[in-house]
Every structure is written in structure tokens, then in C-alpha cells.
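# Examination of the molecular architecture
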Amino acid sequence: MKAVYVSYEEALRALRDGAEHIFVSKESKYKKKQQSFNKFLDELAQNNTCTVLDMEQSCIGPEDAVSLGRALERNTILRKLDLSLNYIGDIGAIAIAKALECNTALVELDLSCDPYGYGLGPMIDNAGAVAIAKALKTNTTLEVLFLDWNDIGTEGCEAIREALEYNHTLTILRLGDFKIAEEVEGALYEKHQRRLLDMLNSDTKAPLNRSRVMFVGQGRAGKSATVRSLSLEGFVSEWNSTAGVDIKELRTSENKYWEEPWCYRDFTTQFAARLVFTPNGVTRKSQLPSSQNNNHQVSAAETVRVDYQTVPSKNSFGVLKGPDIMRESSNFFDAKRSIDSLTLSLWDFGGQEVFYSMHHLFLTKSGVYVVVFDMRELSEPSTRTEAKTYLLFWLRSIKLHAPNVSVLLVGTFLADIIEEKCNLQDIDKILRELTKLSFAEIVIPANFEHEDLIFFPIDNKEKMGIASLCDAIEQCARVDNSTSREVSVRWMTFLDSILGQKENQKAYLTFSDEVKSLGTNLGIPSISEQEEALTLFHERGFLIHMTSTEILKNIVVLDPQWLIGALSKVICDGSIHINIDQFKEVGLEDDARVTYEKGLASRDFLDFVWKSDQVEFFIDLMKRTMLLSEWDRESYLIPSLLRDTYVIPETNIVGLRCVFDFSASFLPNGVFQRLVCLCVELRSRNFGNMHSKLYENFASIVLQQGMVRLLETKETQTITLYVEDDSAAGNLLTIIQSMLQKVNSDVMGAGLTWETYVENSNTNELIRLSEAQPRKLSPWFNSDGLLGTKKKEISSQSVDLDTFLGSL
């Protein structure tokens, strides 16, 4: 953190205390004591913590600069030094230059002087500039050098121009506002411009250096507060509950904290600029053929709206300064500094159960998962069972979608746990018991201050444990194989061409027409390569591209937050996320209540919450992802909003049983809801839904083949089908089994497993389906050993929803 010190005695204490950023304010010149100054420099020479030293306008003279130069010769950690508005003259500049010949840490150096201070002290002249030029020929770390408003003339500028032919690390240079100085600056800009253009017109490949980090857990556990802590934002005690998913991007930095990424014009230039400065070249490089080269260059320019082929603009002296992109040299410098940094796409998932059906659409098979829990809930006996249930749900959900990713367990409210004298080892024991059998990918904290634990105890209010968690997440992201996967400059141009369509007010594109055409124009005519690129962009959080069916595959959503935000305006907890007054004002209060009490949303309600924008698109998408089904001509069923619980009558539910048992693995939230969604959609296409009865855990629906009663029992992890009409048993079993397979392949990543049992009508015992078939157990199997009248199993994988329902 930055600290201001008005005296060198205070600055000396700060160095010894491990300060990373020291700013000696200009008031220090009135309190400067030579003895304290020398002690400060002696400490600086051997210091191993301070990376930024700001001594702007602090009355540093030539002799002081000589002493500072000697300290820099020994210092191995300081990266940025600001000596602007001081008068060090040629004597001081020569000493600093001597240090640059051996210093391998300094990256930024500001020796600029006062434009209105001529005559107030010695400025750097040609002799000092020549010495600095000599140092630049051998220095390999300095990237930014400011020498403007000194007294450097033609000789000094020419010496620096010559040095630039040998130096390949200096990125930003300021010499002054006169012709020869701007010629030298322009030569540096043009050199980088040529290198950047060569990279943009190549098919160079390198790691994308980007990962997706997903924060999941029970509602109010502190997920959003943890994300805020990791991004160095302040603690907010009354933070609103997350609706759906909140997405933000941060980038790892040299100071070990995460920061907002630099605002680039486009990802292609950012990627190419980083590769220009990658040490020892890049992993793989092949020049495009000339015909593709021209197409690629023009398309890239059109995509990012920078004409790389235009003649660079000139200033008032007629000196080349480079195109617009190079005028923003700080962008280029930032790209250089970010060679080893990671961009992290952070997804903060809302913790209320109502969102869980939707969340399955956005859990990816790669990245890093952070499971956040409230340690107070786990340590308190009265809330422990519920806390364990939520933890198991998320651990199993992650295993379902991403069995090989790194998972970090994070316990919040550490300060409260310490105050209440709870034992962290007791919490650790509970977690070890939960995870001992099937969650091998859990990351164990290394060298953690709180004993030998399998979780990270933190406190967001007091910022306890945040640094360790930050390091662990970054390390997991770096060792993830998907993070190091190589992409080409051409793929990044493809990405920019897609995302650039947002400026044309487009929320999504069609793959078959728009995306395919963009890829072909960029020299990627292969459909399989385009799909491979889109899958990567989806996994990294740039966009959303679902692939379970051909129709979903044809949709490319440009802004993930736009889609999730829209869905979350409907699928949410009405008691937390909805202000009923807004519906009263437009006469939709009853519509809103029916939506969040009965799960039935009117078309007027949907038009209002989506502001009549893309309503048909959202309805169709929710249908195809089995979040919504048509109820009647004026309303839609959203099963995840059903709240009434069905109580099984004493006489039990009428009918023969078929039990789908998930207890050996996991029955996640959203499976039963989607099963109901498919049944209702099938029913509405044939007869309407006049006699259907729906609950959170039970559904009674009349299909063409007969009455279907479905019961979800979370305690036993089962879904039971009850069949009244024996003649329909085989057909109904086939339909429900096919629907489960559809849900599994389209939403659950084909990770669900279950065992099917059918009831023997004579003995009432449950028999495995695999055992019932050879016995031709009636009424489930006919005399040919087939389920009902179906001649073959109904296909569900990669089949469009309309085709699938039609086959039933």
C-alpha cells in the first residue's frame, strides 16, 4: 500500500517495517537531514520489500543522486523510481546511468524536470543523456524512461536513438517537445508498431492466460463479500443477495493483489502486444500465406476499428508518431507488464435454492471452484445438518460437471469463530468426514497459519486469511491445464469480431449465418475449428455457447451477464429479489404473486420484467433448456418457482411404482423440475393442462399414454413414478426414462447415474429393471420382453426438444 512520509526518519522506519510503496512528500525537503537521508539510502540498498519509491520534488541534488545511484547498484527489488522535479544534473544522471548498467530490477524511471524551473538547479544535459544511452545498450529490464523538460540537445538524443537499436525492452520514452526528441520517440513507437503488425499478421500461438473461477455455496455464506475482498473492495455489511450470477474480471498483478484489467480496445491487440514481449519468442509460430495474410489484416483492422495499414499521423514537426494505437503507449506497456499475469473471470453464483436449476447451465468443466460456507453454521449443532447438506450439494454438483477441477473450501466469519472460541479442528473434522470418499480434488492450504486444515478460514470484514486464499486460487488457475492451452492470434481476432457485434446493438448471433461468416472471412473456414474456438471462449467466460442440441448450438450470446441477468429477473426468490410495488404500479401485482407462489408466469408479467425486449428469445431459450414450459395460451410454468410441498396421504399414492434411484451418486436440484417441465410441455401440446396438479416435490399430469404421478424424495435421492393403468406402464416408464436421459445429456453433462426399479404387482417388491426384463415382468414388459408397445428406445442425446417431444 502507498504511504506518505514527510521525513526520511519516517521513511527509514517504513523500509524496516516492510513497506512496499514509499512516497516521500515534497514537504520532506524542509525537514531533510543529510544523516537521515544517508541512513535511508543504506537501508534501501539492502531492502527486499519496497518496490515503488516516489521522491518527486523532494530536493534531491547532484550529490544526493550519486549516493542514490550507489544504493541502486546494490538494490534488487525496487521496480519504480520517481525522481521528477528534482535537479540532479549531469553528475546525478551519470551516477544513475552507472547503476542501470548493473541493476536488474528497475522497470520505471522518471528523471523529468520542471518545465518552469529553468535556472533553479542543474538539469540533465547531453553528457548525462550520453551516459544513460550507454547504459540502455546493456540494460534489459527498464521499460519506461522519462527525461523530458531537461536540457538535452541533439547529441544526447542521437546517442539515445543509437542505443535503441541495441535495446529491446524500453517501451515508453519521453525526451521532450522538440523535433529531434520527437523523432527519437517516434522511432521507438515505430519499432514497436512494426513488431505488433508482424504479430497481428501471423498465426502465432501461445497460452491465453485466462481462467474462470466460480464461487458457490449456501445463500448468505459470504460469497460476494469474498469476491469483494479478493478485489480489494471494502466490506459492506448490508450487501444485497446475489440474483443469479454476478460476473466480474480481475487480473493478477506483481504486488500479489488482483486488480481491474486495463481497458483495451480489443483482445487481439492485447494478446499480440503481450506476445511481442514474450521472452525467447513464443511457443509456436507460422506465417500465414500471403492470400490469407491480406484477408486477416483487413478483417482485424475492421474488427477493432484500427486501420493498421494507414500511414501513421504526424505532429506539428512532421515527425512520425505511430498510429492511434501506439499513441496509447501505456496500453502497450501494460501488455508487456502482463506477460505472466492471469485474467480471472469471477462468477459469483447466487446461493438461494431457486437458482440451482439455472446454475447447471453455467457450471463449466474447467476452471477453479471455490465453495464458500459460514463456519458459524457448521459449528452450531442446530444448523449443522443444513450446512452440511448445502456443502454436499455443491461438492456433488461440481463433481457432476467438472470431476477433475481444483476445489477450494472457504469458511467465512473467522473473527466470530475466534471470539466464540470455537475449534477450527472440529470444523475441519466435519469437512474431512464429508469429503473423505469421493472428493479427491480438494486443495489443501499450504503453510497456512491456522494449523493443518483442508479449508481456508477467512474473515471478510477483518481481512483475515484473504492473502492466502488469493495466492491459492491463483496457483490453482496457473496449474490448470486448460489455462495453459494455446490459442492463435487468428482465434483472438475471431473473438473480437464476434464480441464487436455488441456495438451493433446485437445481444446474440446465429452460428449458421453470422458467426460462420465471420470465421470464414478471418481465414477459419473449418466449422469444427470455429466450434472448438467457441467452446474455449465459453469455458473462459467471454460468451455463452451451449452445445447440447443443434438449435442451442446455433446461438452465441455475446454478454453472459446480459443473459443471466434476464433469466434471474424471472427465476429468483420473490421474497428477497422482487419489489412488489413496481408491479402494483402497472397493475401486475396478482401476476407477480401467482408467478412466485404457483410458478405460473403470465405473458404480461414476462413482457414487463423483460421490458418487451427479446421476450420471444428468452421464452424459447428457457423452453429448450427445460426451465419453462407452456401452460396455456396466456401463461407459462416455471417449475423451479413452485413452493408448495406435497404431503403424502396416509393411504399412500395410488399406482404401481417405478423408482429411479440416484442414491449411489447424486440427485441434484433441477432434475425433477425439468422432468415436470417436459411432462407439462408434452401435455400442453396434446390436451392442455386443465387437470394437472403441481407441487415442489410432486406432479400429477395426464399424458396421452395415461396418468403420470411423479414424486421426488430428497432424503432417499429418488424419483418415483406411479402408474394406475397397467396397460400404460411400459410406455410411461419408457417416456420418463427417456426424459431423464434428455435432462442428463442436455443439462447435467451426462454425469447423472441411476438405477431403475419396478414393482412386482404380485409381491409389491421392487426389482431391478435389468432383472425384470428377462423375466418379462408384467405389466412393465410384454411377451416379447419390450417395454409396452415401444419397438425401440427413444433417442434423446443431441436431439432438438421439438423432435424429442414429437417422438414421445
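Structure report, in brief. This is a predicted model, so every value here is computed, not measured.

The number of helices and strands found in the chain is 32 helices and 28 strands. By residue count, 57% of the 808 residues in the chain fall in the buried class. For the chain, the proportion of contacts with a sequence separation of at least 24, taken over those separated by at least 6, is 74%. Surface accessibility of the chain: about 34,800 Å² in total, with carbon and sulfur atoms responsible for 47%.

A few words on the packing of helix α3 (residues 62–74) against helix α4 (residues 89–100). Running from N to C, α3 and α4 point in directions that differ by 0°, and their axes come no closer than 8 Å. Compared by their axis directions, α3 and α4 come out roughly parallel. Contacts from Pro 62, Glu 63, Ala 65, Val 66, Leu 68, Gly 69, Leu 72 and Glu 73 in α3 reach Ile 91, Gly 92, Ala 95, Ile 96, Lys 98 and Ala 99 in α4. Classifying every residue of the contact of α3 with α4 gives nine nonpolar, two polar and three charged.

If you walk across this open sheet you meet the seven strands as β23-β24-β25-β26-β22-β27-β28, and the pairing is antiparallel. One side of each edge strand has no neighbouring strand; the edge strands of this open sheet are β23 (693–694) and β28 (766–768). Set on the sheet, helix α29 (residues 671–686) makes contact with β23, β24 (698–703), β25 (706–713) and β26 (718–723); between it and β24 the angle comes to about 25°. Along the sheet, helix α30 (residues 729–746) makes contact with β22 (656–661), β24, β25, β26 and β27 (755–759), crossing β26 at roughly 155°.

A side chain with one charge may pair with a side chain of the opposite charge, provided their charged atoms come close. One pass over the full model with this rule turns up 33 salt bridges. Close ionic contact of Glu 514 with Lys 506 constitutes a salt bridge, the shortest N to O distance being 2.3 Å. In this structure Lys 506 comes out as partly exposed when scored by relative accessible area, which is 32%. Three or more residues are tied together by salt bridges with common partners; here these are Asp 620, Arg 624, Asp 800 and Asp 802.

One open sheet holds the seven strands; their spatial order is β11-β10-β12-β9-β13-β14-β15, and the pairing between them is mixed. Lying at the two open borders of the sheet, with one neighbouring strand each, are β11 (258–259) and β15 (456–457). Inspection of the sheet shows strand β9 (residues 210–217) paired to strand β12 (residues 343–349) by six bridges, in the parallel sense. Paired with Ser 211 across the bridge in β12 is Leu 344. Running over the sheet, helix α8 (residues 223–230) touches β9, β10 (245–252), β11, β12, β13 (368–374) and β14 (406–412) and is turned about 145° from β9. Set on the sheet, helix α23 (residues 560–568) makes contact with β10 and β12; between it and β10 the angle comes to about 155°.

Turning our eyes to something else, we now look at unusual backbone geometry. Residues Ser 778 and Pro 779 are joined by a peptide bond in cis, for which omega reads 5°. Even without being glycine, Gln 614 reaches a positive phi, approximately 60°. Assignment of secondary structure puts Gln 614 in the loop between α27 (603–609) and α28 (615–624). Owing to a relative accessible area of 27%, Gln 614 belongs among the partly exposed residues under this scheme.

An ideal rise of 1.5 Å per residue puts 16 Å on twelve residues; α4 measures up with 17 Å between its terminal C-alpha atoms. Close packing links the buried residues of α4 with α3, β5 (108–110) and α5 (126–136).

Mapped onto the fold, Met 375 is located in helix α14 (residues 375–379). With relative accessibility at 0%, the residue Met 375 sits in the buried group. Residues Met 375 and Leu 424, spaced 49 residues apart in sequence, show a C-alpha to C-alpha distance of 8.8 Å.

In this sheet, β12 lies alongside β10 in antiparallel orientation, the contact comprising seven bridges. Along β12, the bridge assignment pairs Glu 249 with Ser 345.

Across the interface, helix α19 (residues 489–499) lies against helix α20 (residues 511–521) with an axial gap of 10 Å and an inter-helix angle of 140°. Like other packed secondary-structure pairs, α19 and α20 cross with a definite hand, here right-handed. Taken together, the residues of α20 that come into contact with α19 (itself represented by Phe 494, Ser 497 and Ile 498) are Val 515, Leu 518 and Gly 519. Of the residues belonging to the contact of α19 with α20, the class tally is four nonpolar, two polar and no charged.

Rules used throughout
Residues numbered from 1 in each chain as written. Predicted model: local features only at pLDDT ≥ 70, side-chain atom pairs only at ≥ 80, totals over all residues. Heavy atoms only, no water. Helix = DSSP H or I, 4+ residues; strand = E, 2+ residues; numbered from the N terminus. Buried < 20%, exposed > 50% of the residue type's maximum accessible area, 1.4 Å probe, protein only. Contact = heavy atoms within 4.5 Å. Areas by Shrake-Rupley, 256 points an atom, 1.4 Å probe, with all protein chains shown as cover. Axes fitted to C-alpha atoms, helices over the stretch in contact; angles between N-to-C directions. Parallel < 35°, antiparallel > 145°, perpendicular 65-115°, else oblique. Nonpolar A, V, L, I, M, F, W, Y, C, P; charged D, E, K, R; others polar. Pairing = 2+ DSSP bridges. Salt bridge = Lys/Arg side-chain N within 4 Å of Asp/Glu carboxyl O. Expected span 1.5 Å × (residues − 1). Left-handed = near helix turned anticlockwise from the far one by under 90°.

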